[in-house]
Amino acid sequence: LFAIIVIACLFWFRMAQTETTLNDRLGGLFFFPVFWAFSSMFSAMYAFPAEKAVLNKDRASGAYRLSAYYVAKTLVETPADCIYPTIFSLIVYWVVGFNPGGGPFIVFLIILTAVVLTSQSFGLAISAALLDVRRAQVLASCLILSSMLMAGYYINNENIPGFVRPLRYLSYLKYSYEALVRNEVLGQVYPCVADGLAHTVYSQNGIKCPVRGPDVLVGAKLDHSLSVIGNLGILLVWNVLVRLFGYLALTYLNINHKPRKNLKN
């Protein structure tokens, strides 16, 4: 955690509030949730394989209900997963120089926490479905990398083949990125660069100066994206659905977890 805080502070240290730093700001707003996606998902993947033998034994004896075990196991990891992004945000947000004010900071923290919890849900679901760390790592890597590519930062959605384009709605990093960008730029004003220097797409090559929040969204092809609340709502839905899938996977994909029926004498 502290290593990535130092790296983030060094690379994005006190960015000027100008047109020339907009790409750098968007890069940070994409990189930070990606980091937390990897960290949270890979940590959660060890939840069930490590306890496979104990779980089989206890379930066979009917010691507890599987639902009770799953809820307890998923909830016990949540407080720690909420503390780490809070520490990260308290330091990085202000050192980088994102949108000043308590409101945008709280929203930034909420979005990062939502990414952490959603990534944890995916990690738990993959762990429950496969019960094998190596295979889970491969699947998780493919999931995150695919979500990154479809988030709209690396590749413009308009340039993606038409038959692939609908898949971007399955990228939960897309919703975190869009929410973070909207939270950062709306209400902000970014002065244009001096005459004679190259202007950016956000000012339409110097035509629209100064650059305002909606101009940034147009330049980043996010002007038709959902609101911050809408994106957070979809992340919440992903969180609930994936955790439910994890429980169903643990119940039906691993039938040796089901307790044996007690035989009457």
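Residues numbered from 1 in each chain as written. Predicted model: local features only at pLDDT ≥ 70, side-chain atom pairs only at ≥ 80, totals over all residues. Heavy atoms only, no water.

Draft legend 1. Inspection of the overall build of the protein chain at higher detail. Per the secondary structure count, the protein chain includes 10 helices and 2 strands. Sequence-ordered secondary structure for the protein chain, helices as α and strands as β, is α-α-α-α-α-α-α-α-β-β-α-α. Overall, the C-alpha framework of the protein chain stretches about 90 × 40 × 30 Å when taken along its three principal axes. The buried share among the 265 residues of the protein chain stands at 47%. Across the protein chain, the fraction of contacts at a sequence separation of at least 24, relative to all contacts at a separation of at least 6, is 76%. Taken as a whole, the protein chain presents about 13500 Å² of accessible surface, with 66% of it coming from carbon and sulfur. Across the protein chain, the 21 positively charged side chains and the 13 negatively charged ones have centroids separated by 16 Å. (Helix = DSSP H or I, 4+ residues; strand = E, 2+ residues; numbered from the N terminus. Buried < 20%, exposed > 50% of the residue type's maximum accessible area, 1.4 Å probe, protein only. Contact = heavy atoms within 4.5 Å. Areas by Shrake-Rupley, 256 points an atom, 1.4 Å probe, with all protein chains shown as cover. Lys, Arg positive; Asp, Glu negative; His and termini not counted. Charge placed at Lys NZ, Arg CZ, Asp CG, Glu CD.)

Draft legend 2. Broad picture of the pattern of salt bridges. Considering all chains together, one arrives at 4 salt bridges under this definition. As a salt-bridge pair, Arg135 and Asp132 come within 3.9 Å of each other at their nearest N and O atoms. For Asp132, a relative accessible area of 30% puts it in the partly exposed group. The closest approach of N and O atoms between Asp215 and Lys208, which form a salt bridge, is 3.1 Å. (Salt bridge = Lys/Arg side-chain N within 4 Å of Asp/Glu carboxyl O.)

Draft legend 3. Local environment of the nonpolar core. Judged by nonpolar contacts, the single largest core of 56 residues is most densely connected at Tyr172 and Leu173. Elements with a contribution of two residues or more to this core: helix H1 (2-11), helix H2 (22-44), helix H5 (78-96), helix H6 (102-130), helix H7 (133-149), helix H8 (172-185), helix H9 (213-219) and helix H10 (228-252). Tallying contributions element by element places H6 first for this core, with 10 residues. With residues near it in sequence (within four places) discarded, Leu173 still touches Pro33, Val34, Ala37, Val115, Ile144, Ser147, Met148 and Ala151. Membership of the second largest hydrophobic core comes to 11 residues, among which are Tyr69, Tyr70, Leu124 and Ala128. (Core = buried A, V, L, I, M, F, W, Y, C linked by side-chain atoms within 4.5 Å.)

Draft legend 4. A look at unusual backbone geometry. Backbone torsion omega between Cys209 and Pro210 reads -5°, so that peptide bond is classified as cis. Locating Pro210 in the fold gives a position in the loop between strand S1 (189-190) and strand S2 (211-212). Non-glycine residue Arg14 carries a positive phi angle of around 45°. For Arg14, the location among the structural elements is in the loop between H1 and H2. The phi torsion at Gln204 lies on the positive side, around 55°, for a residue other than glycine. Within the secondary structure layout, Gln204 lies in the loop between S1 and S2.

Draft legend 5. Spatial organisation of the state of the cysteines. Inspection of the entire model under this criterion finds 1 disulfide. One disulfide in the model links Cys192 with Cys209; its S-S distance is 2.1 Å. Judged by the torsion about the S-S bond (-105°), the Cys192/Cys209 disulfide is left-handed. In this pair, Cys192 sits in the loop between S1 and S2 while Cys209 sits in the loop between S1 and S2, placing the two residues 17 residues apart along the sequence. Cys192 gets classed as partly exposed once you look at its relative accessible area, which sits at 22%. For Cys209, a relative accessible area of 42% gives the class partly exposed. (Disulfide = S-S within 2.5 Å.)

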